[in-house]
Every structure is written in structure tokens, then in C-alpha cells.
Amino acid sequence: MATSASPQQPGGAVVAERRGIPAASFVEDVQIYLNQLGLDVNSTLAFLQERLQQYKVVEMKLLAQQRDLQAKIPDIEKCLDVVATLQAKKGTGEALLTDFEASEGIYSRARVEDIDSVCLWLGANVMLEYSCEEATSLLRKNLENAKASLEVLIADLQFLRDQVTITQVTIARVYNWDVHQRRVRQALASQDS
Amino acid sequence: MQQAGGGSETEVTWEDQQNINKFGRLNNRYHELEDEIRIAKNFEDASNELILTDEEVVRFQIGEVFAHVPKDEVEMRIEQMTETTTKHLEKLKDEKDAVVAQMADLKKVLYAKFKDSINLEED
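Residues numbered from 1 in each chain as written. Chains lettered and ligands numbered in written order. Predicted model: local features only at pLDDT ≥ 70, side-chain atom pairs only at ≥ 80, totals over all residues. Heavy atoms only, no water.

- Named according to an unreviewed UniProt entry, chain B is Prefoldin subunit 4 originating from Cynara cardunculus var. scolymus.
- In UniProt, chain B has this text filed under Sequence similarities (unreviewed entry): "Belongs to the prefoldin subunit beta family." (UniProt positions renumbered as here; feature names shortened; annotations may be inferred.)

**Some thoughts on the overall build of chain A**
Logical step 1: Per the secondary structure count, chain A includes 3 helices and 6 strands.
Logical step 2: The N-to-C order of helical and strand elements in chain A reads β-β-α-α-β-β-β-β-α.
Logical step 3: In terms of overall size, chain A is more extended than a compact globule, its C-alpha atoms giving a radius of gyration of 29 Å where 193 residues would be expected to give roughly 16 Å.
Logical step 4: Overall, chain A is about 100 × 40 × 25 Å in size when its C-alpha atoms are taken along their principal axes.
Logical step 5: Contacts spanning at least 24 positions in sequence make up 60% of the contacts within chain A whose residues lie at least 6 apart.
Logical step 6: In chain A, which carries 20 positive and 26 negative side-chain charges, the distance between the mean positions of the two groups comes to 5 Å. (Helix = DSSP H or I, 4+ residues; strand = E, 2+ residues; numbered from the N terminus. Rg over C-alpha atoms; globule rule 2.2 N^0.38 Å. Contact = heavy atoms within 4.5 Å. Lys, Arg positive; Asp, Glu negative; His and termini not counted. Charge placed at Lys NZ, Arg CZ, Asp CG, Glu CD.)

**Regarding the interface of chain B and chain A**
Logical step 1: Tallying the contact residues gives 26 residues for chain B and 30 residues for chain A.
Logical step 2: Overall, the association of chain B and chain A removes approximately 2600 Å² of surface from exposure, summing both partners, and the carbon and sulfur fraction of that is 52%.
Logical step 3: Among the residues chain B hides against chain A, the three largest losses belong to W14, R25 and H68 of chain B. Together they make up 23% of the total.
Logical step 4: Between R59 of chain B and D99 of chain A there is a salt bridge, with its nearest N and O atoms 2.8 Å apart.
Logical step 5: Our count for the contact surface shared by chain B and chain A stands at 6 residue pairs in polar contact (both at pLDDT 80 or more).
Logical step 6: Of all elements in the fold, only α1 (14–50), β1 (57–62) and β2 (65–70) of chain B reach the threshold of two or more residues within the side of chain B that touches chain A.
Logical step 7: Counting residues per element, the side of chain B that touches chain A draws most heavily on α1 of chain B, which supplies 7 residues.
Logical step 8: Looking at the side of chain B that touches chain A, its residues break down into 8 nonpolar, 12 polar and 6 charged. (Buried area = accessible area lost by both parts, 1.4 Å probe. Salt bridge = Lys/Arg side-chain N within 4 Å of Asp/Glu carboxyl O. Polar contact = N/O pair within 3.5 Å; in protein donor to acceptor, adjacent residues only side chain to side chain. Nonpolar A, V, L, I, M, F, W, Y, C, P; charged D, E, K, R; others polar.)

**Things to note about a nonpolar patch on the surface**
All names here are of chain A.
Logical step 1: A surface patch of nonpolar side chains, about 230 Å² in accessible area, is lined by L122, V126 and L128.
Logical step 2: Among the secondary structure elements, L128 is positioned in strand β6 (residues 126–131).
Logical step 3: Accessibility expressed as a relative area gives 41% for L128, which makes it partly exposed. (Patch = residues over 30% accessible without salt bridge, like charges linked within 9 Å, V, L, I, M, F, W, Y side chains within 5 Å. Areas by Shrake-Rupley, 256 points an atom, 1.4 Å probe, with all protein chains shown as cover. Buried < 20%, exposed > 50% of the residue type's maximum accessible area, 1.4 Å probe, protein only.)

**Things to note about the environment of I106 of chain A**
Residues and elements named next belong to chain A.
Logical step 1: Checked against the element boundaries, I106 lands in strand β4 (residues 106–112).
Logical step 2: Once the C-alpha coordinates of I106 and K90 are considered, the two residues, 16 residues apart in sequence, prove to be 28 Å apart.
Logical step 3: Beyond its immediate chain neighbours, meaning those up to four positions away, I106 contacts F100 and E101.

**A word on the confidence of the model for chain B**
Residue and element names in this part refer to chain B.
Logical step 1: Within chain B, residue pLDDT values average 82, and 82% of them lie at 70 or more.
Logical step 2: Mean pLDDT values over the elements of chain B span from 78, in β1, up to 89, in helix α2 (residues 71–114).
Logical step 3: Ignoring residues within four places in sequence, the model shows residues 1–7, a span with pLDDT below 50, making 22 contacts including any to other chains.
Logical step 4: The ipTM, which scores confidence in the relative placement of chains, is 0.75 for this predicted complex, and the corresponding pTM is 0.78. (pLDDT = per-residue confidence, 0-100.)

**Digging into the pattern of salt bridges**
Residue and element names in this part refer to chain B.
Logical step 1: Going through the model one piece at a time under the given rule, you end up with 17 salt bridges over all chains.
Logical step 2: As a salt-bridge pair, R29 and E36 come within 4.0 Å of each other at their nearest N and O atoms.
Logical step 3: Given the relative accessible area of 32%, E36 is considered partly exposed.
Logical step 4: Three or more residues are tied together by salt bridges with common partners; here these are R29, E32, E36 and E95.

**Looking at α2 of chain B**
Logical step 1: In a regular helix each residue adds 1.5 Å, so 44 residues correspond to 64 Å; α2 of chain B covers 62 Å between its end C-alpha atoms and thus fits that length.
Logical step 2: Note on α2 of chain B: the residue one or two positions beyond its end, K115 of chain B, has a positive phi of about 45°. (Expected span 1.5 Å × (residues − 1).)

**Some remarks on the pairing of strand β3 (residues 96–103) of chain A**
Logical step 1: Alignment of β3 of chain A against β4 of chain A, held across 7 bridges, turns out to be antiparallel. Paired with D99 of chain A across the two strands is R109 of chain A, which belongs to β4 of chain A.
Logical step 2: Taken together, the 2 bridges between β3 of chain A and β2 of chain B define a ladder with antiparallel strand orientation. By the bridge assignment for β2 of chain B, D99 of chain A is matched with F66 of chain B. (Pairing = 2+ DSSP bridges.)

**Quick word on the layout of surface pockets**
Logical step 1: In this model, the largest pocket occupies a volume close to 1900 Å³.
Logical step 2: Looking at the lining of the largest pocket, the elements with two or more residues in it are α2 (41–92) and α3 (132–192) of chain A together with α1, β1 and α2 of chain B.
Logical step 3: Considered class by class, the residues forming the lining of the largest pocket number 15 nonpolar, 10 polar and 16 charged.
Logical step 4: Roughly 840 Å³ of volume is contained in the second largest pocket.
Logical step 5: The wall of the second largest pocket is formed by 30 residues, among which C79, V82, V83, C119 and L120 of chain A lie closest to the centre.
Logical step 6: Put simply, the parts of the chain that give the lining of the second largest pocket at least two residues each are α2, β3, β4, β5 (117–123) and α3 of chain A together with β2 of chain B. (1 Å grid on protein atoms, 1.4 Å probe; cavity = no way out; pocket = protein on both sides within 12 Å on 5 of 7 lines; lining within 4 Å. Points joined across faces, edges and corners; volume = space filled by probe spheres on them.)

Laid out in C-alpha cells, this is it:
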């Protein structure tokens, strides 16, 4: 495996991989890199291409996770909104009239009297009853967790994209180096003959 | 984004690589911001429509249900939401301008060093 210079972070810390994603080693000199790998140009290019494909697969997975989280966050915010509205109505003593979707395209009217508790869908066919305050704090915690996970995910994606860019540049440089070598060899050959 | 040059000799330093990485990140962020701005703009148009209604009670969507809310309260809520969205939109636009400026700077630096060996334009 290549043991050339590992990517340097601004603080001087070396990052060899991040959460299972191997870092792409930056190549200082193509000749030395090829010697260290012990492979010829074509094999090196094949190896780098394969690395690129692996990165792409991981990127797809992370992007899907990001989309899921980005859909989940507004959902939780909507739930918080509903609970807050119900709590606000509690004090006034009036009932809340709502139109809700009973089935696709069919709406029904509901009269929500004074309530002290709400039921939250927790997933896996489980629904629990909570007081308004408990529901609000649970939803807030979920929202914070989702936002924190999203931040970590975005940082992972940025790291991954950097590795993809480094690998693409390395492929271009190895290819160029090879072209350059061929030209030099041809020039020498034509000089001799 | 990058294309193979014609066997040029230009060496790529770690600093160059970092500049290229940074350009890639900024480019991604630019596209994300464009999408977000488009979505935020839609919302502004939708809230303008509401001011034209003249019914007393409006069915205001909260979460998945439509609650019957008196028109005044609805107007107040819409106003708050519009204000939040406009501020958000402003912030996005400012960030987009900053990103575009940084990308222009990086382009200058990278084109100066690599000239034709690098391609930083959109496909």
C-alpha cells in the first residue's frame, strides 16, 4: 500500500481515515509514488479508479442519509408546532376545529376539546401518550439529535469529496506523467536512430 | 471538473491540492445555496396569495392538519413566517455572494499556476 505523505490538516494533525472512509494519500512526486506502490502505470491507474468508485458508492449512501435527515427535521418541527398550538388553545377554553385527512383525498372535521396529553408516534408501530410538556421536550431532543447528526454527516461528505478530488487529481497527474515519459522515451529513441 | 492535460510538467503541491479541494467544496455549496434560495422564494410567493382572501375563518395548515384559525391570527402568523423566510433568504443570498467571490479568487490563483491544464468551469 502507498505510504507516501498522508493528508495534512491545518493544525498539522494527520488524518488517515474518517469514520471508515480511508483518506486518499497526497502524492508529492509521481515517480516516487509509483516506486512505492511497486506497480506499473496502468495498474496504478486501475487501482486509483477503483478507489474512486468505492468513494462514489459511499457518497451515494451518505447523500441518501442526508436526504432522510433533511426530510425528518421539518417533520419534527411541524410536530412541535402542533403541540404548541394545542397548548396555546388549552388556556382559552375554546375547542380547536381542524380538518384532517381521513383517507387519501378525503378530509374530515374534528373538534379538539381541552386536552392535557398528546400521543406521539415513535416508529415500529408504537405510539405513546405524553403530557404536552413531556411531548415538547421529547420532540425538542429529537430535533437536536437530528440536527447534530446532520452536521456530522455534512462534515463526512465534505471529507469524502476532498478525497475524491485528490484521487481525481492524482489520476490526472499519473496519466500526464506517463504521457510525458513516453514523449521523453520517443525523443531519446529518435535521437539514437 | 479536472481534465487530463497534455503531459504537462507542472508540479502539484499540497497547497495547490488544498486550493482545488476548497474550490470543489465552494462549488458544491454554491449549488446547494441556489436550490435553497429557489425553495425559499416559492414560499414567499405562496404567502402573498393569502392576503387576497376575505373569508372570516381560514384553514391554516399546522403539521398535517388544517386548523380553523381566525383570519387575524393567520395574518399575524403569515407575517411572522414571511419575516423569518425573508431574513433566511437574505442570509442565503449573502453567503452565495461570498462563495462566488471566493471561487473567483481561487480561479485566478489556479489558472495562473496551471493555465490550460485545469478546467474550473461548469460542464
